[in-house]
Amino acid sequence: MDSFEWNKVFAAVIASVLMIMVLGIVAEMPFHHAEQDKPAFTVEVAEQTSTEVAADAGPSFAEMMAVADADRGAKQWKKCTACHTIEKGGANKTGPNLYGVVGRTVAAVDGFRYSSAVEALGTSVWTYELLDQWLANPQAVAKGSKMVFAVSKANQRADLLAYLAGFSDAPVPLPTPETAMEEAVVENVEAAAGN
């Protein structure tokens with residue numbers, strides 16, 4: 001083969017490569033690759049740094065619990081079943097079994113490996129109020145815990161807590177505005193006596 005023939009072969013190879021590149025660019029033109037304006041899926045997590053849940057201008061926690069509906073809570077519970085079970089003696093999943101959670105010591109489910117953040121809560125007891133804070137923002141209660149899902153609406157948390165209350169051998173009574181007022185008076189008297 002003479003040099004003229006080799007030039008034709010090289011030209012054909014270069015033309016083929018250029019044609020493939022051009023076809024690749026043209027083929028991608030109908031597809032828009034711009035950044036999305038919003039994420040496809042978001043997980044609701046409250047942005048707080050303290051362990052206290054911000055006070056809403058609405059009803060108090062006890063007032064929310066007074067009108068909580070366990071049937072609506074059962075609908076909220078469906079979101080939790082990906083990580084938890086609630087049956088007596090039920091298996092642990094990504095999260096612990098929640099049968100009898102109200103009134104139980106934190107990090108007390110046998111066979112479940114808690115994060116060090118939850119274990120650091122020590123001998124705290126899961127009260128309705130603590131569970132409400134936990135559901136509103138688990139990371140504010142125990143920074144570094146495995147749970148990142150949050151229930152942002154207070155009425156949905158109250159409904160869920162009313163539902164959970166029914167799954168216990170010794171159900172803890174739901175808080176009422178009257179018991180909340182009595183507890184506040186006792187706390188104020190104890191605080192005054194300590195000063």
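Quick caveat: nothing in here was measured; it's all calculated off a predicted structure. (Residues numbered from 1 in each chain as written. Predicted model: local features only at pLDDT ≥ 70, side-chain atom pairs only at ≥ 80, totals over all residues. Heavy atoms only, no water.)

J.: Please provide a residue-by-residue account of the packing of helix H3 (residues 70-80) against helix H7 (residues 154-165), values included.
T.: Between H3 and H7, whose axes approach to 7 Å, the crossing angle comes to 95 degrees. When the axes of H3 and H7 are compared, the pair comes out roughly perpendicular. Only Gln156, Asp159, Leu160, Ala162, Tyr163 and Leu164 of H7 make contact with H3, whose side of the interface consists of Ala70, Arg72, Gly73, Ala74, Gln76, Trp77, Lys79 and Cys80. (Axes fitted to C-alpha atoms, helices over the stretch in contact; angles between N-to-C directions. Helix = DSSP H or I, 4+ residues; strand = E, 2+ residues; numbered from the N terminus. Parallel < 35°, antiparallel > 145°, perpendicular 65-115°, else oblique. Contact = heavy atoms within 4.5 Å.)

J.: Hey, could you go over the pattern of salt bridges for me, with residue numbers and the actual values?
T.: Inspection of every chain in the model, using the stated rule, returns five salt bridges. A salt bridge links Lys8 to Glu5; its shortest N-O distance comes to 3.6 Å. Note that Lys8 and Glu5 are positioned in helix H1 (residues 3-28) at a spacing of three residues, about one turn of the helix. Overall, the relative accessible area of 33% leaves Glu5 in the partly exposed class. In this structure, Asp132 engages Arg157 in a salt bridge whose closest nitrogen and oxygen atoms are separated by 2.7 Å. (Salt bridge = Lys/Arg side-chain N within 4 Å of Asp/Glu carboxyl O. Buried < 20%, exposed > 50% of the residue type's maximum accessible area, 1.4 Å probe, protein only.)

J.: So, the side chain of Asp159: which residues are in play, and what are the values?
T.: Looking at where Asp159 falls in the secondary structure, it is placed in helix H7. In this structure Asp159 touches Ala68, Asp69, Ala70, Arg72 and Gly73, once residues within four positions along its chain are discounted.

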